[in-house]
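The chain contents come next:
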Amino acid sequence: MTEHSLPVETSRPAALRALLLVLLYSLPILVTIRPVIDPDIWWHLREGQWIVEHRTVPVTDPFSSYGTGKPWIAYSWLFEVLVYGLHRSFGLLGLVLYTASLAVLITRALHGLMQRLQPDPAIACILTASGILAMVPVLVHPRPWLLTILFFIVELYLIAMSRRGGGKWPLLFLPAVFVLWANINIQFVYGLFVLGVAAIEPLIERDGGEDRRTRQARFGRMVALLLVCSLATLVNPYGLRVYLPVFDAIRLTQPF
């Protein structure tokens with residue numbers, strides 16, 4: 001082997017990783033740069049416009065005759081203000097920019113999580129790409145659930161980071177995440193569910209090499225974190241009433 005062949009040999013894995021990264025981060029852009037065909041985005045825009053014009057959130061339906069005077073919780077109000085601002089500034093391009101930007105951020109967050117769980121860079125890229133392809137049906141629409149997906153992955157990343165030797169500090173970001181989440185999408189309740197599972201995990205997982213006292217201490221910390229994050233969700237214009245749509249959905253017996 002000559003001295004000139006070493007750089008060529010060592011550059012091949014780096015070139016392959018670079019190619020995989022280019023392909024990976026091109027994927028969300030390729031699937032989201034498309035015409036806006038989501039029929040529900042228009043009432044989100046109208047509600048965002050109403051909130052901006054009235055400088056408050058609605059408490060009753062201000063649009064339809066059927067809903068006049070009936071309680072209405074605009075639990076996605078911050079998302080609606082955001083997309084209304086983008087649409088007012090850039091037109092339909094603003095909605096495409098929202099969708100594409102969130103898809104790229106979701107890809108980056110998922111890739112970061114996979115890198116933490118899978119040491120092989122190529123496999124981490126492949127797993128991330130598989131996840132993005134599986135999410136294509138929801139990634140292509142300018143909806144608040146894109147932010148929910150992002151927050152969900154960030155939550156899993158912070159929990160995994162804390163569990164794998166990161167200490168307590170990664171979990172300190174979660175209350176701020178839930179403050180934003182509760183003002184963007186009602187699906188923040190999924191995040192609380194994950195925290196609940198993480199809280200009881202020390203009590204049911206017995207083969208992690210921890211003694212009973214360590215598991216009990218971790219259980220106490222996670223329960224405290226769950227309580228703080230639950231309180232953080234109340235930092236919204238509706239307070240505790242933001243949970244009313246959740247209870248309404250639970251009581252549904254038929255599709256609406």
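Note: the structure precedes this text.
About the criteria used
- Residues numbered from 1 in each chain as written.
- Predicted model: local features only at pLDDT ≥ 70, side-chain atom pairs only at ≥ 80, totals over all residues.
- Heavy atoms only, no water.
- Helix = DSSP H or I, 4+ residues; strand = E, 2+ residues; numbered from the N terminus.
- Buried < 20%, exposed > 50% of the residue type's maximum accessible area, 1.4 Å probe, protein only.
- Contact = heavy atoms within 4.5 Å.
- Areas by Shrake-Rupley, 256 points an atom, 1.4 Å probe, with all protein chains shown as cover.
- Lys, Arg positive; Asp, Glu negative; His and termini not counted.
- Charge placed at Lys NZ, Arg CZ, Asp CG, Glu CD.
- 1 Å grid on protein atoms, 1.4 Å probe; cavity = no way out; pocket = protein on both sides within 12 Å on 5 of 7 lines; lining within 4 Å.
- Points joined across faces, edges and corners; volume = space filled by probe spheres on them.
- Nonpolar A, V, L, I, M, F, W, Y, C, P; charged D, E, K, R; others polar.
- Core = buried A, V, L, I, M, F, W, Y, C linked by side-chain atoms within 4.5 Å.
- Phe/Tyr/Trp six-rings, centres within 6.5 Å; stacked < 30°, edge-to-face > 60°.

A.B. asks: Help me get a handle on the overall build of the protein, residues and values and all.
C.D. replies: For the protein, the helix and strand inventory stands at 11 helices and zero strands. When the helices and strands of the protein are placed in sequence order, the string is α-α-α-α-α-α-α-α-α-α-α. Put simply, the protein has 256 residues, and 41% of those count as buried. In the protein, 68% of the contacts between residues at least 6 apart in sequence involve partners at least 24 apart. As displayed, the protein has an accessible area near 14700 Å², and 68% of this comes from carbon and sulfur atoms. Taking the 21 positively charged and 16 negatively charged side chains of the protein as two groups, their mean positions are separated by 5 Å.

A.B. asks: Quick rundown of empty space enclosed by the protein? Include the residues and the values.
C.D. replies: Overall, the coordinates contain one cavity of 30 Å³ or more when judged by the stated rule. Lining the largest cavity are Thr 32, Arg 34, Pro 35, Val 36, Leu 95, Val 96, Thr 99, Val 140 and Pro 142. Sort the elements by how many residues they give to the lining of the largest cavity and helix α4 (residues 92–117) lands first, with three residues. Partitioned by chemical class, the residues of the lining of the largest cavity number six nonpolar, two polar and one charged.

A.B. asks: Describe the nonpolar core, and please don't skip the residues or the numbers.
C.D. replies: Judged by nonpolar contacts, the single largest core of 57 residues is most densely connected at Ile 106, Leu 174, Phe 188 and Leu 195. With nine residues, helix α7 (residues 145–166) is the largest single contributor of residues to this core. Ignoring any residue separated from it by four or fewer positions in sequence, one finds Leu 174 in contact with Glu 155, Leu 158, Ile 159, Leu 195, Leu 225 and Cys 229.

A.B. asks: Can you lay out the packing of aromatic side chains for me, pointing to particular residues and giving the numbers?
C.D. replies: Under the criterion given, the structure shown has seven aromatic pairs. Measuring from centroid to centroid gives 5.4 Å for Phe 188 and Tyr 243, while their planes differ by 85°, and the two rings are edge-to-face. A residue pair is termed long-range when its members are at least 10 positions apart, and Phe 188 in helix α9 (residues 188–204) and Tyr 243 in the loop between α10 (212–232) and α11 (244–251) qualify at 55 residues. Phe 188 sits in the buried class, given a relative accessible area of 0%. On the accessibility criterion, Tyr 243 (15% relative accessible area) is buried. One aromatic cluster in this structure is built from Trp 43, Phe 63 and Trp 72.

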